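What follows is the residue order along each chain.
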Amino acid sequence: QPAAVDQKIQEVSSNVISSVAVVVVVLIFMAGLRMSLIAGMAIPMIMLITIGLMRIWDVELEQVSLSALIIALGMLVDSTIQVCDNTQAHLNRGESNVHAAIKGTQEIAAPILIAAATVIASFLPMAFIIPGAAREALVSLPIVVSLAMAVGWVFAVTMTAILAAKFMRPSCAP
């Protein structure tokens, strides 16, 4: 089993690196370099925080929990992109960086929380309804996906706002 877990960890690492690269490249063309770098930094940071929090819920790094991280990977960066995009809109209106980041985050915090909560609400009940032996094998899936989505939202409304205030610039004249 350790060899299989090591292989799975390598696959997850490869997926994280690939995801960061894809997010950065796509966002460079769609939204600019600064936003793409902020979103690209969010993926590994959210994943590492999620892995750290898994220990609190007694979830080990095993094939199902690593698969859950891969499932969450595509969804968890969405909140960060939304905060950056809304901050960019405020910057383009001529607002200061700090004001644009605060206002942009405040406006979008509830909608992205609802989106994250919807994903959590669809996965988390699985942790309570999986019966018998399957529960032991599969319970980490809903917990890890839910943790990743919650961490993604908290990261978006805190760290993303701070990074946006520090690094983002208007993309057009006010």
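First, a word on what this report is: a plain description of the structure on this page. Quick caveat: nothing in here was measured; it's all calculated off a predicted structure.

Parameters and conventions
- Residues numbered from 1 in each chain as written.
- Predicted model: local features only at pLDDT ≥ 70, side-chain atom pairs only at ≥ 80, totals over all residues.
- Heavy atoms only, no water.
- Axes fitted to C-alpha atoms, helices over the stretch in contact; angles between N-to-C directions.
- Helix = DSSP H or I, 4+ residues; strand = E, 2+ residues; numbered from the N terminus.
- Left-handed = near helix turned anticlockwise from the far one by under 90°.
- Contact = heavy atoms within 4.5 Å.
- Nonpolar A, V, L, I, M, F, W, Y, C, P; charged D, E, K, R; others polar.
- Salt bridge = Lys/Arg side-chain N within 4 Å of Asp/Glu carboxyl O.
- Buried < 20%, exposed > 50% of the residue type's maximum accessible area, 1.4 Å probe, protein only.
- Polar contact = N/O pair within 3.5 Å; in protein donor to acceptor, adjacent residues only side chain to side chain.
- Core = buried A, V, L, I, M, F, W, Y, C linked by side-chain atoms within 4.5 Å.
- Patch = residues over 30% accessible without salt bridge, like charges linked within 9 Å, V, L, I, M, F, W, Y side chains within 5 Å.
- Areas by Shrake-Rupley, 256 points an atom, 1.4 Å probe, with all protein chains shown as cover.

A short note on the packing of helix 3 (residues 63-76) against helix 8 (residues 140-167)
Consideration 1: For the pair helix 3 and helix 8, the least separation of the axes is 8 Å and the interaxial angle reads 35 degrees. Our pair here, helix 3 against helix 8, has a crossing hand that is right-handed. In this structure, helix 3 uses V64, S65, A68, L69, I71, A72, M75 and L76 to contact helix 8, whose residues at the interface are S140, L141, V144, V145, A148, M149 and G152.
Consideration 2: Of the residues contributing to the contact of helix 3 with helix 8, the split by class is twelve nonpolar, three polar and no charged.

Points about the environment of L138
Consideration 1: Among the secondary structure elements, L138 is positioned in helix 7 (residues 132-138).
Consideration 2: Along the primary structure L138 and S171 are separated by 33 residues, whereas in three dimensions their C-alpha atoms are 46 Å apart.
Consideration 3: Filtering out sequence-adjacent residues up to four positions away, L138 remains in contact with V64 and I130.

Overview of the pattern of salt bridges
Once the charged atoms of two side chains with opposite charge are near each other, the side chains can pair.
Consideration 1: Under the criterion given, the structure shown has one salt bridge.
Consideration 2: E60 is the salt-bridge partner of R55, the closest N and O atoms lying 2.9 Å from each other.
Consideration 3: The class of R55 is exposed, set by a relative accessible area of 53%.

Remarks on the packing of helix 2 (residues 33-54) against helix 3
Consideration 1: At a minimum axis separation of 11 Å, helix 2 and helix 3 run at an interaxial angle of 140 degrees. Helix-helix and strand crossings are classified by hand; for helix 2 and helix 3 the assignment is right-handed. Contacts between helix 2 and helix 3 pair I43, I46, M47, T50, I51 and M54 from the former with S65, L69, L73 and L76 from the latter.

Here we look at the side chain of S65
Consideration 1: Tracing the chain through its elements places S65 in helix 3.
Consideration 2: Of note is the side chain of S65, whose polar atom sits 2.9 Å from the backbone nitrogen of E62.
Consideration 3: Setting aside residues up to four positions removed in sequence, S65 forms contacts with M54, V59, E60, S140 and V144.

Let's talk about the nonpolar core
Consideration 1: Membership of the largest hydrophobic core comes to 32 residues, with the highest contact counts inside it found for I43, M47, L76 and V145.
Consideration 2: Elements supplying a minimum of two residues to this core: helix 1 (2-31), helix 2, helix 3, helix 5 (97-123) and helix 8.
Consideration 3: Ignoring anything within four residues of it in the chain, the contact list for I43 reads V16, S19, V20, V23, L73, L76 and V77.

Some points on a nonpolar patch on the surface
Consideration 1: Together, V22, V25, V26, I28, F29, M30, L33 and L37 make up an exposed nonpolar region whose accessible area comes to about 820 Å².
Consideration 2: Among the elements that take part in the nonpolar patch, helix 1 stands out by supplying six residues, more than any other.
Consideration 3: Among the secondary structure elements, L33 is positioned in helix 2.

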